[in-house]
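# Structure at a glance
The lines below spell out each chain.
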Amino acid sequence: MDDKLRKQVEGLFRSLELTELSISEGDFSLTLKKEVPAVEHASQTVLPIYGTMPQGYVNNTPAAAAEENEQTEAETGKVVRAPLLGTFYSCPEPGADPFVRIGDKVHAGDTLCLIEAMKMMNEIKATEDGTVTDICAENGKMVEFEQVLFRLA
């Protein structure tokens, strides 16, 4: 294998973040391995080693997130969360009126939006009566599981 080809293969290896690559050509054999560092569990909190905690630091653990959600809900009333990951649609089809607008009164069972996941349209319905005070997702944008979509009073 000439030097130019070897450099191309090494560049490809690095760019693809491979852990192992083996090439054999006649009596020539090349094996490249890349050690992958261990990844810490995502729910662990990283704190500074020295000094005090930086101002504005948020404790991003599941317990802290649940506590924050409870405080937010208590302050703002009822919320409707995304039951799945997907694309948020505020209306039944392009150019149509949205299912709900801020200020609209909704009843349990009313369709609030659609979330497209795996080419399936899922109707998201109100679970209780209320008035829409905020629409927290943007039409045509991805929403995460448990993301707040609507606030109701």
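Residues numbered from 1 in each chain as written. Predicted model: local features only at pLDDT ≥ 70, side-chain atom pairs only at ≥ 80, totals over all residues. Heavy atoms only, no water.

## Some details on the nonpolar core
The test is simple: What makes a nonpolar core is a set of buried Ala, Val, Leu, Ile, Met, Phe, Trp, Tyr and Cys residues whose side-chain atoms join them at distances within 4.5 Å. The classification of residues rests on relative accessible area computed with a 1.4 Å probe and restricted to protein chains. Under 20% of the type maximum is buried, over 50% is exposed, and intermediate values are partly exposed. Only DSSP runs of H or I reaching four residues or more are called helices, and only runs of E reaching two or more are called strands; each is numbered from the N terminus. Contacts were defined at the residue level, with two residues in contact if any of their heavy atoms lie within 4.5 Å.
Phe 88, Val 106, Leu 112, Val 143, Leu 149 and Phe 150 are the most contacted members of the largest nonpolar core, which has 16 residues in total. Sorting the residues of this core by element identifies strand S6 (111-117) and strand S10 (148-152) as the ones contributing at least two each. Once you skip the residues sitting within four places of it in the chain, Leu 112 turns out to touch Val 80, Ser 90, Phe 99, Val 100, Val 106, Ile 124, Lys 125, Ala 126 and Phe 150.

## A closer look at the packing of aromatic side chains
In plain terms, the rule: The criterion for an aromatic pair is that two Phe, Tyr or Trp rings (for Trp, the six-membered ring) have centres within 6.5 Å, with stacked assigned to planes under 30 degrees apart, edge-to-face to planes over 60 apart and tilted to the rest.
This structure, assessed with the given rule, holds 1 aromatic pair. Ring geometry for Phe 88 against Phe 150: centres 6.0 Å apart, planes inclined by 50°, an arrangement best described as tilted. Remark: Phe 150 occurs in strand S10 and Phe 88 occurs in strand S4 (residues 86-89); sequence separation between them is 62 residues. We classify Phe 88 as buried; its relative accessible area is 1%.

## Re unusual backbone geometry
Located in the positive-phi region is Lys 119, a residue other than glycine, with phi close to 65°. Within the fold, Lys 119 resides in the loop between S6 and strand S7 (120-125).

## Re the sheet that holds S6
This is how it is decided: Think of it this way: DSSP has to see at least two bridges between two strands before they count as a pair.
A sheet is described by the order of its strands in space; here 4 strands give the open sequence S7-S6-S4-S9, paired in antiparallel fashion. The open sheet terminates on both sides in strands that have one partner only, identified here as S7 and strand S9 (142-143). Bridging between S4 and S9 involves 2 bridges; their strand directions are antiparallel. Across the sheet, Gly 86 pairs through a bridge with Val 143, a residue of S9.

## Section: the pairing of S6
The buried fraction of S6 amounts to 6 of the 7 residues, a majority that puts the element mostly inside the structure. By the bridge criterion, 3 bridges tie S4 to S6 in an arrangement that is antiparallel. The residue bridging Thr 87 from the neighbouring strand is Glu 116, located in S6. The pairing of S6 with S7 spans 6 bridges and is classified as antiparallel. Across the sheet, residue Glu 116 finds its bridge partner in S7, namely Met 121. Linking S6 back to S7 in an antiparallel pair, the connection comprises 2 residues, with Met 118 at a positive phi of about 55°.

## Quick notes on the confidence of the model for the protein
In plain terms, the rule: The pLDDT value tells you how sure the predictor is about a given residue, anywhere from 0 up to 100.
Confidence in the prediction of the protein, expressed as mean pLDDT, is 76, and 63% of residues score 70 or more. Predicted confidence is poor over residues 39-65, with pLDDT under 50, and the contacts of this stretch with residues over four places away or in other chains come to 12 contacts.

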